[in-house]
Amino acid sequence: MTTYDARFRVWRGDAEGGGLRDFTVEVHDGEVVLDIVHRLQATQASDLAVRWNCKAGKCGSCSAEINGRPRLMCMTRMSVFERDETVTITPLRAFPVIRDLVTDVSFNYAKAREVPAFVPPPGVAAGAYRMQQVDVERSQEFRKCIECFLCQDTCHVVRDHEENKAAFAGPRFLMRVAELDMHPLDAAADAGLDRKRTAQEEHGLGYCNITKCCTEVCPEGIKITDNALIPLKERAVDRKYDPLVWLGNKIRRRSADDPR
Ligand code: SF4
Ligand code: SF4
Ligand code: FES
């Protein structure tokens, strides 16, 4: 087994402020960045705060920025860096720091709660739902999400614009809206819920200018932009400009104005 000493720069601090600190840490063959953070804790900085759980790329807790790119620390091999390169580890930039590498990601939980749940189809018992395999596969791609929030962190709409957070759900939750809107058994429309309208008016779909940065950082390889956001935008536009939908809305509005 070969070992070498590598230079690391790690952000240390809390909500009041902080800065980058330099460390030299031993690296062994086959290790990932999270191994190094653990060795740093064990040997030089026992109070370094870091969030992790599975060390297998499945819990979504160890998200951080490594050399400025949002990544999972447990899935980033040290072999992707040159041995003489300084590896800089900083907390997710879009969320408030609690301490060191741990951020407060509660923005995401608040946005999750704002998306209305699946509406079961009336008259069909749970367990008797039937749908085409192609529809199953479409939503299964989105179901691979491990809620690491790397896509939320990288999206420029909120990354540098705290003021946009109130109006924008972010790629992970717009993807959830898209998944439900594509679901052939979702009975939201029958219940008076127009998911395309809420995507635009309540979840900020219009802020997304399909840069695909969210897709690039997704550790599950979900094609967030191509398979969720663009189709949702297309359906939202169809809803707005389809003459039949326009006429239907107009008649509904007129009936609401005139109770006779
Ligand atoms: S594609 Fe849309 S949601 Fe994804 S990073 Fe770009 S602006 Fe954000
Ligand atoms: S869509 Fe991908 S990047 Fe976004 S939270 Fe889910 S797994 Fe993470
Ligand atoms: S520790 Fe679970 S995804 Fe990295």
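This is a predicted model, so every value here is computed, not measured.

This part is about the overall build of the protein chain. Along the backbone of the protein chain there are 10 helices and 7 strands. For the C-alpha atoms alone, the extent of the protein chain along its principal axes is close to 80 × 40 × 30 Å. When the 260 residues of the protein chain are sorted by exposure, 32% land in the buried category. Across the protein chain, every contact between residues at least 6 apart in sequence was considered, and the portion connecting residues at least 24 apart equals 64%.

Glancing now at the packing of helix 3 (residues 133-143) against helix 6 (residues 171-182). Where helix 3 meets helix 6, the axes come as close as 10 Å, and the angle between the chain directions of the two elements is 165 degrees. The angle between helix 3 and helix 6 falls in the class roughly antiparallel. Relative to helix 6, the crossing made by helix 3 is left-handed. Residues Arg138, Ser139 and Phe142 of helix 3 lie in contact with helix 6, whose contacting residues are Met175, Glu179 and Met182. In terms of residue class, the contact of helix 3 with helix 6 is built from 3 nonpolar, 1 polar and 2 charged.

With that out of the way, let us pick up unusual backbone geometry. If you check the backbone angles, glutamate 147 has positive phi at about 55 degrees while not being a glycine. Mapping glutamate 147 onto the fold places it in the loop between helix 3 and helix 4 (150-154). If you check the backbone angles, isoleucine 210 has positive phi at about 45 degrees while not being a glycine. Mapped onto the elements, isoleucine 210 comes out in the loop between helix 7 (195-201) and helix 8 (213-217).

Below, the discussion takes up the environment of isoleucine 89. Mapped onto the secondary structure, isoleucine 89 falls in strand 5 (residues 87-90). Note: C-alpha distance between isoleucine 89 and glycine 68 (21 residues apart in sequence) is 7.8 Å. Among residues more than four places away in sequence, those in contact with isoleucine 89 are Phe8, Val10, Trp11, Val33, Val37, Ala64, Ile66 and Leu101.

This brings us to the environment of alanine 128. Mapped onto the fold, alanine 128 is located in the loop between helix 2 (106-114) and helix 3. Judged by local crowding, alanine 128 falls into the exposed class, with 8 C-beta atoms found within 10 Å. Sequence separation between alanine 128 and alanine 188 is 60 residues; the distance between their C-alpha atoms is 18 Å.

This part covers the domain arrangement of the protein chain. Here the protein chain is partitioned into domain 1 (3-103) and domain 2 (106-257). If you look at the interface, domain 1 gives 12 residues, while domain 2 gives 13 residues.

This next bit is on the pairing of strand 4 (residues 69-72). Bridging between strand 3 (residues 63-66) and strand 4 involves 4 bridges; their strand directions are antiparallel. The residue bridging glutamate 65 from the neighbouring strand is proline 70, located in strand 4. In this structure, the hairpin formed by strand 3 and strand 4 is closed by a connection of 2 residues, where asparagine 67 is found at a positive phi of approximately 50 degrees.

Bringing the site of ligand 1 into the picture now. The full set of residues close to ligand 1 is Cys155, Val157, Pro171, Cys208, Asn209, Ile210, Thr211, Lys212, Cys213, Cys214, Thr225 and Leu229. Among the elements of the structure, helix 8 and helix 9 (224-241) are those that each provide at least two residues to the shell around ligand 1.

The side-chain alternation of strand 5 yields one buried face, formed by Val87 and Ile89, and one unburied face, formed by Thr88 and Thr90. Pairing geometry for strand 1 (residues 3-14) and strand 5, over 3 bridges, is parallel. Residue pairing in the sheet places phenylalanine 8 in a bridge with valine 87 of strand 5.

This part covers the nonpolar core. In terms of nonpolar packing, the biggest core is built from 52 residues, with Leu174 and Leu232 touching the most fellow members. Of the residues forming this core, the biggest block, 6 residues, is contributed by helix 6. Composition of this core by domain shows at least three residues from each of domain 1 (3-103) and domain 2 (106-257). Apart from the residues lying within four places of it in its own chain, the contact partners of leucine 174 are Ala169, Ala199, His203, Leu205, Cys208, Ala228, Leu229 and Leu232.

To continue, consider the environment of aspartate 181. Note on placement: aspartate 181 falls in helix 6. On the basis of neighbour counts, which here come to 20 C-beta atoms within 10 Å, the residue aspartate 181 falls in the buried class. For the pair aspartate 181 and aspartate 194, spaced 13 residues apart in the sequence, the C-alpha separation amounts to 8.8 Å. The residues touching aspartate 181, leaving out its near neighbours within four places in the chain, are Arg195, Lys196, Leu232 and Arg235.

All right, on to helix 1 (residues 33-43) then. For helix 1, the full list of buried residues reads Val33, Ile36, Val37 and Leu40. Down the axis of helix 1, the buried set is contained in an arc of 100 degrees. They therefore lie on one face. The exposed residues of helix 1 that point more than 90 degrees off its buried face are Ala42 and Thr43.

About the cut-offs
Residues numbered from 1 in each chain as written. Chains lettered and ligands numbered in written order. Predicted model: local features only at pLDDT ≥ 70, side-chain atom pairs only at ≥ 80, totals over all residues. Helix = DSSP H or I, 4+ residues; strand = E, 2+ residues; numbered from the N terminus. Buried ≥ 20, exposed ≤ 12 C-beta atoms within 10 Å, placed from the backbone. Contact = placed C-beta atoms within 7 Å. Axes fitted to C-alpha atoms, helices over the stretch in contact; angles between N-to-C directions. Parallel < 35°, antiparallel > 145°, perpendicular 65-115°, else oblique. Left-handed = near helix turned anticlockwise from the far one by under 90°. Nonpolar A, V, L, I, M, F, W, Y, C, P; charged D, E, K, R; others polar. Domains from an automatic or database assignment. Pairing = 2+ DSSP bridges. Near = placed C-beta within 6 Å. Core = buried A, V, L, I, M, F, W, Y, C linked by C-beta atoms within 7 Å. Arc of directions from axis to C-beta.

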